[in-house]
4 protein chains.
Amino acid sequence: MPIAKVHRISANAPDDASGIARAIEEGRIDPRGVIAVFGKTEGNGCVNDFSRGFATMTLTQFFARFMPRADAEKICFVMSGGTEGAMAPHWTVFERAEGEADSGPALAIGRAQTVPLPPEDLGRAGQIALVADGVREAMRDAGIADSADVHFVQVKCPLLTAQRIGEATGRGKTVATSSTLKSMGLSRAASALGVAVALGELQADAIADKDIGDNWSLHSGRASCSAGIELLGHEIVVLGMSKGWSGPLVIDHAVMADAIDIEPVRGALHRLGFAANGQLTGAERDRVVAMLAKAEPSQSAMLRGFRHTMLDDSDISPTRHARAFVCGVLAGLVGHAEIYVSGGAEHQGPDGGGPVAVIASR
Amino acid sequence: MPIAKVHRISANAPDDASGIARAIEEGRIDPRGVIAVFGKTEGNGCVNDFSRGFATMTLTQFFARFMPRADAEKICFVMSGGTEGAMAPHWTVFERAEGEADSGPALAIGRAQTVPLPPEDLGRAGQIALVADGVREAMRDAGIADSADVHFVQVKCPLLTAQRIGEATGRGKTVATSSTLKSMGLSRAASALGVAVALGELQADAIADKDIGDNWSLHSGRASCSAGIELLGHEIVVLGMSKGWSGPLVIDHAVMADAIDIEPVRGALHRLGFAANGQLTGAERDRVVAMLAKAEPSQSAMLRGFRHTMLDDSDISPTRHARAFVCGVLAGLVGHAEIYVSGGAEHQGPDGGGPVAVIASR
Amino acid sequence: MPIAKVHRISANAPDDASGIARAIEEGRIDPRGVIAVFGKTEGNGCVNDFSRGFATMTLTQFFARFMPRADAEKICFVMSGGTEGAMAPHWTVFERAEGEADSGPALAIGRAQTVPLPPEDLGRAGQIALVADGVREAMRDAGIADSADVHFVQVKCPLLTAQRIGEATGRGKTVATSSTLKSMGLSRAASALGVAVALGELQADAIADKDIGDNWSLHSGRASCSAGIELLGHEIVVLGMSKGWSGPLVIDHAVMADAIDIEPVRGALHRLGFAANGQLTGAERDRVVAMLAKAEPSQSAMLRGFRHTMLDDSDISPTRHARAFVCGVLAGLVGHAEIYVSGGAEHQGPDGGGPVAVIASR
Amino acid sequence: MPIAKVHRISANAPDDASGIARAIEEGRIDPRGVIAVFGKTEGNGCVNDFSRGFATMTLTQFFARFMPRADAEKICFVMSGGTEGAMAPHWTVFERAEGEADSGPALAIGRAQTVPLPPEDLGRAGQIALVADGVREAMRDAGIADSADVHFVQVKCPLLTAQRIGEATGRGKTVATSSTLKSMGLSRAASALGVAVALGELQADAIADKDIGDNWSLHSGRASCSAGIELLGHEIVVLGMSKGWSGPLVIDHAVMADAIDIEPVRGALHRLGFAANGQLTGAERDRVVAMLAKAEPSQSAMLRGFRHTMLDDSDISPTRHARAFVCGVLAGLVGHAEIYVSGGAEHQGPDGGGPVAVIASR
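Residues numbered from 1 in each chain as written. Chains lettered and ligands numbered in written order. Predicted model: local features only at pLDDT ≥ 70, side-chain atom pairs only at ≥ 80, totals over all residues. Heavy atoms only, no water.

1. What to know about the packing of aromatic side chains
For clarity, the cut-off: Side-chain rings of Phe, Tyr and Trp, where Trp is taken by its six-membered ring, are said to pair if the distance between their centres is within 6.5 Å; with planes under 30 degrees apart they count as stacked, over 60 as edge-to-face, and otherwise as tilted. Elements are defined by DSSP. Helices are runs of H or I of four residues or more, strands are runs of E of two residues or more, and each kind is numbered from the N terminus. Exposure categories follow from relative accessible area, calculated using a 1.4 Å probe and restricted to protein chains: below 20% of the type maximum is buried, above 50% is exposed, and the middle band is partly exposed. Working rule: Lys NZ or Arg CZ, within 6 Å of ring centre, within 35 degrees of ring normal, means a charge sits over the ring.
Considering all chains together, one arrives at 22 aromatic pairs over all chains under this definition. Centre to centre, the rings of Phe38(A) and Phe94(A) are 4.7 Å apart; their planes meet at 55°, and the pair counts as tilted. Note that Phe38(A) is positioned in strand S2 (residues 34-41) and Phe94(A) in strand S4 (residues 90-98), a separation of 56 residues in sequence. Phe94(A) carries the same exposure label as Phe38(A), and that label is buried. Taken together, the ring pairs connect Phe62(A), Phe63(A), Phe66(A) and Phe77(A) into an aromatic cluster. The positively charged end of Lys40(A) is found above the aromatic ring belonging to Tyr340(A), 5.8 Å away from the centroid. Between Arg287(B) and the ring centre of Phe274(B), over which it is positioned, the NZ or CZ distance is 4.1 Å.

In structure tokens, the structure reads:
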């Protein structure tokens, strides 16, 4: 029976794989079972954040020491830049092992890859449908039948480049935007809505193309999306609970309605068996294997009736402010700041809020 | 009998006194009773933060509409720049009114001004002694006899300029530093230690000059200091509890041992009569009149065993990271982000932690 | 006969009017003749740059010491934030005095104010027409009949606020954008095109609404525009040459085709009588009274075939990069960096380049 | 006879070696002859600039495709972060080939590596002596006997880490600083003074340890130093003129006395046979193979009597301001911005100025 293992490992730099190496040496990780690594790297998390590419190059080479390079390149590396405030740079390594069946259900991990997205479909209904199909396939891979058992879906999605736009227009097609930067946001947006459709949070026919990247009332409470230039299709990782998996890990999630809406997260902790009266105690803290969250400033420039200045600060990007702040909110509850808080949350949770997943050991 | 009134008022910009104007029009504030205004203004909180001077100029002119300009200039304006994360720019207006005696004790406010500090004493034992005397005088002004009843001491302190250094060296004296910037840190440091001495947290003779700005194990749990070029002596505001004051307001404080040490703050809330199970409820939230905190990254670059990157980020000042993060930690508890979180916390709380005062209505 | 006087005065801070005060005390400036002050202030030049408002408040109060406040408020204060690189913060004070007629022509200054702009006209043909009319009026005020004699036109233009948009939509009108930030760019864009129309650089009927803020091939070589929330119409200052003015000052201008197109500026200096072989010599340098320039990164992200990274830097705003760089280019020619280089150059010079005006004493 | 070849190649990203690959494919570069690559990479050039490490990892792997990895690691990669303003990211590849003797002299390249520096010598006389010896060795390697023929010396120097400090103190030694960051500046400082000693610009016994990193009147007009954690000794590249080398390339240098002191650079261009009246013409421009410069803000905060704000800007590092500005100054002369301008110029040129080397084809 499959067992999902999750390893949270501190990183001293974007090119520091030494913690993973040690875990492999000590037999805690079997590199051939690794299917994904989520990284928080210490760049600005925006356009010119080279810490992400540096980390991906580092990890790809690292894993290529244990397997053919083509296999190392198949591992899903999701690098999220920006460790503002006291957020600790770290890797979360997802591994699939085999073990004894137990009383279950347990954390299940599924993966899927979609076919290349036609450039003219990016940021439009076509992308939503393609991602929704991919999520369903990843659910099948994870052995999760009921979408209610899915608690986190990570999507790596493509973006438009001048070349890809040219290819589409050459075929007489139009594209949603001619801006590479905007295409990243639209791709994340459509991907998140694709997750929502697959999970039954939204109906596909209720989403018009003009809603994508615009109508923030439409959102998924479990999607986390990032765009990358290196792929043409989508890589999808689904985390949920399944009776087909065994092992000590469980997962649950919450949706924060705004940047300080901490009680739903406490609720998820309660459901996972934590007392969570105030901050987690040291013993409880050790049982939290990973916390994965999305954060972004509210477009209203308000938080519970008070003004925030994140959108008007021309010195610091709004996403950097939001990650620092929301990491503080969550760290106050969990008791440390080695938390995966990612920005760029179009349709990923409500405006100003966001989904939070917690993986814990029973 | 004196009554301390505290008004927390949102600001739309550093030059927005409209909220204070409205409170005066509606009779909630009597401008002639105002003795201090603490402001969180939306600059970078560092060297070239002009939002502070802009706010001070605005408020001085504003209050001069209600009193002789010389009186307006006597109001103690403490402007703390930096509203990172979702921290809301706002004013906290401290007013002394007269009212009926009640069962007390209640929030008491005292104020003192020291004589000009000889430049050669800045950042040295002489400044510690001068500030300690000033704090004792402000305690007398507040009617507080026992230093255990003091919960927050705000000190505005001077800095060195080329001219002031020249004046001292002309008299054959040396100064602690020839750097204007460093003199700000030293002045805050010595002022904080002066508060610690006055409150009995430290013994004056246990502090060597070389400890000032260096030995972070020495600190006050109730000091908050900021340096300004516009003054030669010190302006000191003491907040505490006194039987000589009446009215509905009370104050308590906590010391955070690190940036996420939220439980002592919850403890202070409990002592003030809040349930504070998890985040404050809406009704409880309305009773929190003001929260005043200091924040700074730990010099160890670690938080509970995990690395933070605040000290190594050459794009964002460490204090900006720390304010965003700690405001998130506190806002997760209080339920909003109109909190006064100030940086530059030399000897103000332990390294990486800081004092937090809460003013509440009974 | 009118004489235009121009005083370039260093500023130690956004609230430092001491240099102007000294010039008044020493009789070099008659405050009652001052019609405009252009300031380079040391903020970020972007949304949250409070150095501009602080400077305007300071100067308004300062001049109110010499005249009724209403008159002080009529002085046209144009504050341009951002003194990147070695650019020196300074004021350029424009004064109209009376003197003896001489052989002329000489620098002439004219001014106009338009009626309030209906919000629905902002960023559209209506604004272009209104500004063009205003420029023509300012030319008449300056006694300049031929648009070829105009060398610099500074326009302060309004922006949209939620309230102004509501007023317009309440009358059944649409507005060009609902974003306050975008309305600033559109207002500058339409204002620059209005200048181009008034000066005969472009024909009004050749400009479609969709060109505004989009078709950068349309531009003025003499416009400099900035948007401010404090006005509803436009304030326009025209600088040119006129036989109706006397005095020692002259003006000319050049258009840089890109960020390093320095030879046209050298050409303007030659026309003004400078040898300008290489960098200006000390004696020549003293004759340059003011240099006024606009700068912005090219949207192509290229400069003469090589890539620049200004548009992709998420840590520093593109306009900050461009001001630092272009100030270096110009300072290398002039021999100092007390130059007025302003960003936000929509339709003000070609994409990536910009107009440069030089005021010199004969 | 050896021929020095220098290839300036644009880079689209820190991990873009495609331009070098193309040059190799087309036979313009023989990878086995490459002895150094200087890169301008698009990070912030400060502590957390990962574009440098990313570039070094990329280039090391790239060259390892053409030679044993150990040989690829011997290439001297000097990565200078920060392409502010319009500065173009690029590689300058230095290659040693063999060719026919010609009338010479021509550009000569020499290289040396020192033994590991004892940590207690860093930032002290011992490092100056070690570097001076290394420079002399590199001169011999280049076949340059007269130090007057040396025009540029690049030194990569080590820094202190906690471990290295511990090793030294364990042997009863003290170190110059316990701060890793400060040790970088001290190492650059002592290295630059070592260059000055080797070139006869300064006498070793005229330099006291306390002058290092403090007395800016002591400096080299030809040193360019950068500190890196990856080495224990020094890597030194000397560029100069030698009769022992042939080929079309020549080098000269100038020392800018301040950030806009452009005429000495024009003088160097004149000596290299350029008319350089105003900006280089297109034909002349093609003959400039590389321009290498150091830049830093003057510690006086003044430039020719006018204030600059680079040292007081808490949003942008002073070195970023200086690189943008000085690149503009130089680009205005050369006619493009693919220039190597590097910050961190302790004792490398006078305070606020810096050395500039020009490599041109005859």
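Having seen the model, we can carry on.
2. As for the relation of the copies chain A and chain B
Definition in use: Only residues with pLDDT of at least 70 in both copies contribute their C-alpha atoms to the least-squares superposition of the copies. Any two residues having at least one pair of non-hydrogen atoms within 4.5 Å are treated as being in contact.
Taken as rigid bodies, chain A and chain B are interconverted by a rotation of 180° and an axial shift of 0.0 Å, the fit giving an RMSD of 0.0 Å. Both copies of the chain, as the preceding transformation shows, are related through a two-fold rotation axis. Here 100% of the contact residues of chain A are again contact residues in chain B; the copies associate through an equivalent surface.

3. Some details on the side chain of Thr309(D)
Threshold: By the criterion applied in these results, polar contacts are pairs of N or O atoms within 3.5 Å in which, for protein atoms, one can donate a hydrogen and the other can accept it, and in which residues neighboring in sequence qualify only through two side-chain atoms.
Mapped onto the elements of the fold, Thr309(D) is located in the loop between strand S12 (306-307) and helix H9 (318-334). Taking relative accessible area as the criterion, Thr309(D) reaches 7% and is therefore assigned buried. Polar side-chain contacts of Thr309(D) include one of 3.1 Å to the side chain of Thr83(C).

4. Some remarks on the interface of chain A and chain B
The condition is simple: In short, buried area is how much 1.4 Å probe accessible area vanishes from two parts on joining, totalled over both. For salt bridges, the criterion is a side-chain nitrogen of Lys or Arg within 4 Å of an Asp or Glu carboxyl oxygen.
On the side of chain B, 43 residues touch chain A, which itself brings 43 residues to the contact. Here chain A meets chain B over a buried area of about 3200 Å², counting both sides, of which 57% is carbon and sulfur. On the chain A side of the interface with chain B, the three residues burying the most area are Phe306(A), Arg307(A) and Phe325(A), jointly 21% of the side's total. Counting across the interface, chain A meets chain B through 4 salt bridges.

5. Notes on the relation of the copies chain B and chain C
Superposing chain B onto chain C takes a rotation of 180° combined with a translation of 0.0 Å along the rotation axis, leaving an RMSD of 0.0 Å. Interface overlap between copies: 100% of the residues of chain B at the interface are likewise at the interface in chain C, consistent with a symmetric, same-surface contact.

6. A look at unusual backbone geometry
All names here are of chain D. Phi is positive for Ala276, close to 50°, though the residue is something other than glycine. Within the secondary structure, Ala276 is located in the loop between helix H7 (263-271) and helix H8 (282-287). On the basis of relative accessible area, Ala276 is assigned to the buried category, the value being 1%. With a phi close to 60°, His347 is a non-glycine residue in the positive phi region.

7. Let's talk about the pairing of strand S9 (residues 249-256) of chain A
Residues and elements named next belong to chain A. Stated formally: The rule for pairing is simple: two strands pair if DSSP sees at least two bridges between them.
Of all 8 residues making up S9, 7 are buried, and the element is well covered by its neighbours. Pairing of S9 with strand S14 (residues 354-361), which is carried by 8 bridges, proceeds in the antiparallel orientation. Paired with Val255 across the bridge in S14 is Pro355.

8. What to know about the sheet that holds strand S10 (residues 288-294) of chain D
All names here are of chain D. Applicable threshold: Interaxial angle, 0 to 180 degrees, is taken between N-to-C directions of lines fitted to C-alpha atoms, where a helix line uses only the stretch in contact.
Taken together, 4 strands build an open sheet; the order of strands is S9-S14-S10-S13 and the sheet is mixed. If you trace the sheet from one side to the other, it starts and ends with strand S9 (249-256) and strand S13 (340-342), each paired once. Within this sheet the neighbouring strands show an average axis-to-axis angle of 10°, counted without direction. Here S10 pairs with strand S14 (residues 354-361) via 5 bridges, running antiparallel.

9. Describing the interface of chain B and chain C
Threshold: Under the convention adopted here, Pro, Cys and the residues Ala, Val, Leu, Ile, Met, Phe, Trp and Tyr are nonpolar, Asp, Glu, Lys and Arg are charged, and Gly plus all remaining residues are polar.
At the junction of the two partners, chain B supplies 12 residues and chain C supplies 12 residues. For the chain B and chain C pair, buried surface summed over both sides reaches about 1000 Å², with 72% attributable to carbon and sulfur atoms. Taken as a group, Phe50(B), Phe54(B) and Met57(B) account for 55% of the area that chain B buries against chain C, more than any other trio of residues on that side. Put simply, chain B and chain C have 0 salt bridges between them. In this structure, the connection of chain B to chain C is made through 1 residue pair in polar contact (both at pLDDT 80 or more). Residues that form the side of chain B that touches chain C fall into these classes: 4 nonpolar, 5 polar and 3 charged.

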